[in-house]
Amino acid sequence: MRGRRVLVLGDVMLDQFLWGKVARISPEAPVPVVEVSSETYHLGGAANVAGNVRALGGEAVVAGVVGDDAAGARVRSALAAAGIEDALAADDGGRPTTVKTRIIAHHQQVVRADRESAEPVSGSLERALLDGVRAALPSCAAVIVSDYHKGVVTAAVMKKVTALARRRGVPVLVDPKVAHFGLYRRVALVTPNQSEAEQATGVKIRSPADVLAAGAAILQRLRCDAALITRGEQGMSLFEPGRRPVHIPTAARAVFDVTGAGDTVIATIALARCARAGLPEAARLANLAAGVVVGKVGTATASPDEVLAAAEAARRIE
């Protein structure tokens, strides 16, 4: 997977973490008072997907939208520091960079505050975004669409990007949002979590038979090459037309924070596919990488050494 190049298109965010401890309850309201001791910033959303690609040894270019603000400048600086190519379009019309602020006390998230605009991109901003995609695509072996429903993944953008990728024979993998499910027709892979799969298909997943029904419904609706339903502690289920489903038990040994686990899954699968791994093998690698990430607090990534160690631990258990 080392050196494989991936284009990540989607909703770029900045994750802010305020770290501290709770020593008392506020006299103003029955809420904890967090004494903040430190503050950190991390790439979030599509930028975190790109960060996962880099952490795994791949190369990444990220296309998305930021505001003409301090948070946008911080995102660009963090991308440069991580060695991720910046194909961002900047909105100078007042649209802010999406910032998610999480307050963490004693390794537990207390509250999250979001600053964002989810209005769909259009006009000159959409054209600038697509220009960045056109420039980056020839050097990339896969496209990841990281859809957080913050305005970047519109019908027009999705139609144009999939057409550009198809002409070059580049697979498009999508981390979806239910509201946009109809936009993902004929992509190479969609990776809904269980809740998203239930909402998209109307199938309540309560049994193995329900999982099969949901997977079949997604394949039929989207006519995609494959669907991977991520199911938390139940692992993952991979569906491909004409093939038996593959169920992969969870690799997580301890779960501290699921923030960004979906980003890790799709980044790992894209890189593995670039390296000519089959989908079942790519999904198993993604499961191992996600197991590493959920064992950390905050927005996190997995390194090749960590994934290999997780694979060795899983082999010993088997």
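Scroll up to find the structure.
So, here is what we can say about the structure in this document. (Residues numbered from 1 in each chain as written. Predicted model: local features only at pLDDT ≥ 70, side-chain atom pairs only at ≥ 80, totals over all residues. Heavy atoms only, no water.)

Remarks on the packing of helix α5 (residues 194–201) against helix α6 (residues 208–222)
Piece 1. At a minimum axis separation of 10 Å, α5 and α6 run at an interaxial angle of 60°. Classified by the interaxial angle, the pair formed by α5 and α6 is oblique. Regarding α5 and α6, the two cross each other, and that crossing is left-handed. Contact residues: A197, A200 and T201 in α5; A214, A217, I218 and R221 in α6.
Piece 2. Its residues placed into classes, the contact of α5 with α6 shows five nonpolar, one polar and one charged. (Axes fitted to C-alpha atoms, helices over the stretch in contact; angles between N-to-C directions. Helix = DSSP H or I, 4+ residues; strand = E, 2+ residues; numbered from the N terminus. Parallel < 35°, antiparallel > 145°, perpendicular 65-115°, else oblique. Left-handed = near helix turned anticlockwise from the far one by under 90°. Contact = heavy atoms within 4.5 Å. Nonpolar A, V, L, I, M, F, W, Y, C, P; charged D, E, K, R; others polar.)

A short note on the state of the cysteines
Note: disulfide means a covalent bond formed between the sulfur atoms of two cysteine side chains.
Piece 1. Considering all chains together, one arrives at zero disulfides under this definition.
Piece 2. The cysteine C140 is free of any disulfide, with C274 supplying the nearest cysteine sulfur at 8.6 Å.
Piece 3. The thiol of C224 is not disulfide-bonded; the next cysteine sulfur, from C274, is found 18 Å away.
Piece 4. Residue classification places C224 among the buried positions, given a relative accessible area of 3%. (Disulfide = S-S within 2.5 Å. Buried < 20%, exposed > 50% of the residue type's maximum accessible area, 1.4 Å probe, protein only.)

Description of the sheet that holds strand β8 (residues 98–105)
Piece 1. The strand order across the open sheet built from four strands is β3-β2-β8-β9, with neighbouring strands paired in mixed fashion. Two strands close off the open sheet at either side, each with one partner strand: β3 (32–45) and β9 (108–115). Pairwise comparison of adjacent strand axes, ignoring direction, gives a mean angle of 20° for this sheet.
Piece 2. Relative to β3, strand β2 (residues 12–25) is paired through 13 bridges, and the arrangement is antiparallel. Of the residues in β3, the one forming a bridge with L18 is E39.
Piece 3. Taken strand by strand, helix α2 (residues 70–82) contacts β2, β3 and β8, and its axis lies near 105° from that of β2. (Pairing = 2+ DSSP bridges.)

A short note on the packing of helix α3 (residues 123–136) against helix α4 (residues 155–168)
Piece 1. Running from amino to carboxyl end, α3 crosses α4 at an angle of 15°, the nearest separation of the two axes being 11 Å. Between α3 and α4, the angle falls in the class roughly parallel. Where α3 crosses over α4, the two elements pack in a sense that is right-handed. Within the contact between the two elements, α3 uses E126, L129, L130, V133 and R134 and α4 uses A156, V157, K160, V161 and L164.
Piece 2. Of the residues that constitute the contact of α3 with α4, the class distribution is seven nonpolar, no polar and three charged.

Thoughts on a positive patch on the surface
Piece 1. A contiguous patch of positive charge on the surface is contributed by R166, R185, R186 and R223.
Piece 2. Considering the arrangement of structural elements, one finds R223 in the loop between α6 and β13 (227–230).
Piece 3. What makes R223 partly exposed here is its relative accessible area of 45%. (Patch = residues over 30% accessible without salt bridge, like charges linked within 9 Å, V, L, I, M, F, W, Y side chains within 5 Å. Areas by Shrake-Rupley, 256 points an atom, 1.4 Å probe, with all protein chains shown as cover. Salt bridge = Lys/Arg side-chain N within 4 Å of Asp/Glu carboxyl O. Lys, Arg positive; Asp, Glu negative; His and termini not counted. Charge placed at Lys NZ, Arg CZ, Asp CG, Glu CD.)

Notes on the packing of aromatic side chains
Piece 1. Applying the stated criterion to the full structure yields two aromatic pairs.
Piece 2. Here the aromatic rings of F17 and W19 are separated by 5.6 Å at their centres, their planes lie at 20°, and the arrangement is stacked.
Piece 3. Overall, the relative accessible area of 0% leaves F17 in the buried class.
Piece 4. Taking the centre distance of 5.9 Å and the plane angle of 75° together, the rings of F181 and Y184 count as edge-to-face. (Phe/Tyr/Trp six-rings, centres within 6.5 Å; stacked < 30°, edge-to-face > 60°.)

Observations regarding the pattern of salt bridges
Piece 1. Under the definition given, this model contains 10 salt bridges.
Piece 2. With its nearest N and O atoms 3.0 Å apart, the salt bridge here joins D131 to R134. With D131 and R134 both in helix α3, this residue pair falls three residues apart, about one helical turn.
Piece 3. K177 is the salt-bridge partner of E196, the closest N and O atoms lying 3.6 Å from each other. One end of the pair, E196, is in helix α5; the other, K177, is in the loop between β11 (172–175) and β12 (189–190), and 19 residues separate them in sequence.
Piece 4. Take K177: its relative accessible area is 25%, and that puts it in the partly exposed class.
Piece 5. When salt bridges that share partners are traced, they join R5, E59 and E85 into one network.

A look at the pairing of β2
Piece 1. In textbook terms, the turn of a hairpin is the stretch between consecutive antiparallel strands, and for β2 and β3 this stretch comprises six residues.
Piece 2. Sheet topology places β2 next to β8; eight bridges connect them, and they run parallel. Counterpart to L14 in the pairing with β8 is V99.

By themselves these figures say nothing about function.
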